[in-house]
Amino acid sequence: SLVGPRPEVPKYVALYNLEQRQLLEFMPGITAPASLKYVNESQLLTDVNKAEDIYTKIIMPDKINIDLAYSRRATWTTDMKLLVK
C-alpha cells in the first residue's frame, strides 16, 4: 500500500489500548498522515533524557489519533492528496 498507518515497534504496540489496536488491521504504507505531520520527529526528540516520555505521552498518542481518523475516512482521493504532500 502507498498510504496507510505506519507500524510501531512491538514495545510501543504493547502500550496500545483496544481502540488503538484497530490500526493493526490496516495495511501499512510508505506514508501516512501522521508520518507527514511528524516528518521532523527526530528534532522533537533531541532531549535524550526526555525522549521516551515525549514520544509515548505526546507524539505516539497524537500519531495514533491522526491515523485512526485517516483510517475512518480513507479514499483513493485522500490517498492521492497525501502522496502529493
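Look up: the structure comes first, before these words.
First, a word on what this report is: a plain description of the structure on this page. (Residues numbered from 1 in each chain as written. Predicted model: local features only at pLDDT ≥ 70, side-chain atom pairs only at ≥ 80, totals over all residues. Heavy atoms only, no water.)

## Considering the environment of S35
Selection rule: Numbering of helices and strands starts at the N terminus; helices are DSSP runs of H or I of at least 4 residues and strands are runs of E of at least 2. Residue burial is assigned from relative accessible area. The probe radius is 1.4 Å, only protein chains are included, and a residue is buried under 20% of its type maximum, exposed over 50%, and partly exposed in between.
As for its position among the elements, S35 is in helix α2 (residues 33-37). On the basis of relative accessibility, which here comes to 27%, the residue S35 falls in the partly exposed class. In this structure, the C-alpha to C-alpha distance between S35 and E25, residues 10 residues apart in sequence, is 18 Å.

## Things to note about the side chain of D79
Cut-off, in case you're wondering: When charges are tallied, Lys and Arg are placed among the positive residues and Asp and Glu among the negative ones, while His and the ends of the chain are skipped. Salt bridges are defined as contacts in which a side-chain nitrogen from Lys or Arg sits within 4 Å of a carboxyl oxygen from Asp or Glu. Two residues qualify as a contact provided that any one of their heavy atoms is within 4.5 Å of a heavy atom in the partner residue.
Within the fold, D79 resides in helix α5 (residues 76-84). Here D79 is buried and forms no salt bridge, its nearest opposite-charge partner R73 lying at an N-O distance of 7.4 Å. Setting aside chain neighbours within four positions, we find D79 in contact with V3, Y70 and A74.

## Section: the nonpolar core
For the record, the criterion: Definition used in this section: a nonpolar core is a set of buried Ala, Val, Leu, Ile, Met, Phe, Trp, Tyr and Cys residues joined via side-chain atoms within 4.5 Å.
Membership of the largest hydrophobic core is limited to 12 residues, which are Y12, V13, Y16, L23, A34, Y38, Y55, I59, M60, I64, I66 and L68. Per-element tally for this core: the top contributor is helix α4 (residues 51-73), with 6 residues. Among all residues touching M60, those that are not within four sequence positions of it are E8, Y12, L15, Y16 and Y55.

## A few points about empty space enclosed by the protein
To be explicit about the condition: Think of a 1 Å grid over the protein atoms and nothing else: a 1.4 Å probe that fits but is trapped marks a cavity, an open set flanked by protein within 12 Å on at least five of seven lines marks a pocket, and residues with an atom within 4 Å of a point count as lining. Grid points are joined across faces, edges and corners, and a volume is the space filled by probe spheres set on the points. Three categories are distinguished: nonpolar for Ala, Val, Leu, Ile, Met, Phe, Trp, Tyr, Cys and Pro, charged for Asp, Glu, Lys and Arg, and polar for the others, with Gly belonging to the last.
This structure, assessed with the given rule, holds 1 cavity of 30 Å³ or more. Counted as a void, the largest cavity has a volume near 70 Å³. For the lining of the largest cavity, the elements supplying multiple residues, two or more each, are α2 and α4. For the lining of the largest cavity, the class distribution of residues is 5 nonpolar, 1 polar and 4 charged.

The analysis is restricted to geometry; functional conclusions fall outside its scope.
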